[in-house]
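Examining the three-dimensional arrangement
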Amino acid sequence: MGRRRRGSEVDPASDGTADAERRERQSGLRRALRSQFPERSRDNLLPVLHFLQHEHGYLPEWALQVVGWHLRVPASEVYGAATSYTELHLEPPKPRDIVVCTGLACWQSGSEELLNAVLQQPDPDEASNVTTTACAFMCGLAPAVRINGSWHGRVHAERLTSIIENAPL
Ligand code: FES
């Protein structure tokens, strides 16, 4: 069992390789944060979380510990911020990212059907992440769906299936 010392650091002498790698990653992140965000203020919490999201594609748990240490804010505050914004993710991204617009124009044009179709589609590899957005700002082309970063307008159920099947993983 690891012995705790300053902050969330774990004594490497009493832990395995995985913990040593984790410590190495945390040390690297500490250096990066000192360089990118030298002002260790809670005002930098959101910018730091966005920095991590950009660097890793999500917010790894080991990195959130470093953020708390660097900005001198409690872990509960870091996790609170990390879970309050839809653009921040605590899990690694899945290969297929599907966003269905459920704004008024899209809803009236059938996005509920599209959302249900996507959610009911078999996903044996659990490769799809399905989310919604309030408006994709392409209401004239409603209903709108984004697959792996590309928006598609005037989507109907059959076309949606084809778009998803042809989306690279
Ligand atoms: S409501 Fe869907 S794009 Fe605006």
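Residue positions are given per chain, counting from 1 as you read along its sequence in written order. Totals for whole chains, interfaces and linings use every residue, but because this is a predicted model, local features are given only for residues with pLDDT of at least 70 and side-chain atom pairs only at 80 or more, for both listing and counting.

**Comments concerning unusual backbone geometry**
Stated formally: Numbering of helices and strands runs from the N terminus, with a helix taken as a DSSP run of H or I at least four residues long and a strand as a DSSP run of E at least two residues long. With C-beta atoms placed from the backbone, a residue counts as buried when 20 or more other C-beta atoms lie within 10 Å of its own, as exposed when 12 or fewer do, and as partly exposed for counts between those limits.
With an omega dihedral of -5°, the bond running from Ala-142 to Pro-143 counts as a cis peptide bond. Assignment of secondary structure puts Pro-143 in the loop between strand E2 (128–133) and strand E3 (145–147). The phi torsion at Phe-137 lies on the positive side, around 60°, for a residue other than glycine. Along the polypeptide, Phe-137 turns up in the loop between E2 and E3. In this structure Phe-137 comes out as exposed when scored by C-beta crowding, with 10 C-beta atoms within 10 Å. Even without a glycine there, the phi angle at Asn-148 is positive, about 45°.

**Side note on the confidence of the model for the protein**
Defined as follows: Values of pLDDT, which run from 0 to 100, indicate the predictor's confidence residue by residue. In this description, any two residues whose backbone-derived C-beta atoms lie within 7 Å of each other are considered to be in contact.
In the predicted model, the protein carries a mean pLDDT of 89, and 91% of its residues have values of at least 70. In the model of the protein, helix H7 (residues 157–166) stands out as the element of lowest mean pLDDT, 90, in contrast to helix H5 (residues 104–108), which has the highest, 97. Residue range residues 1–13 is modelled with pLDDT below 50. Its contacts to residues more than four positions away, or to other chains, number 20 contacts.

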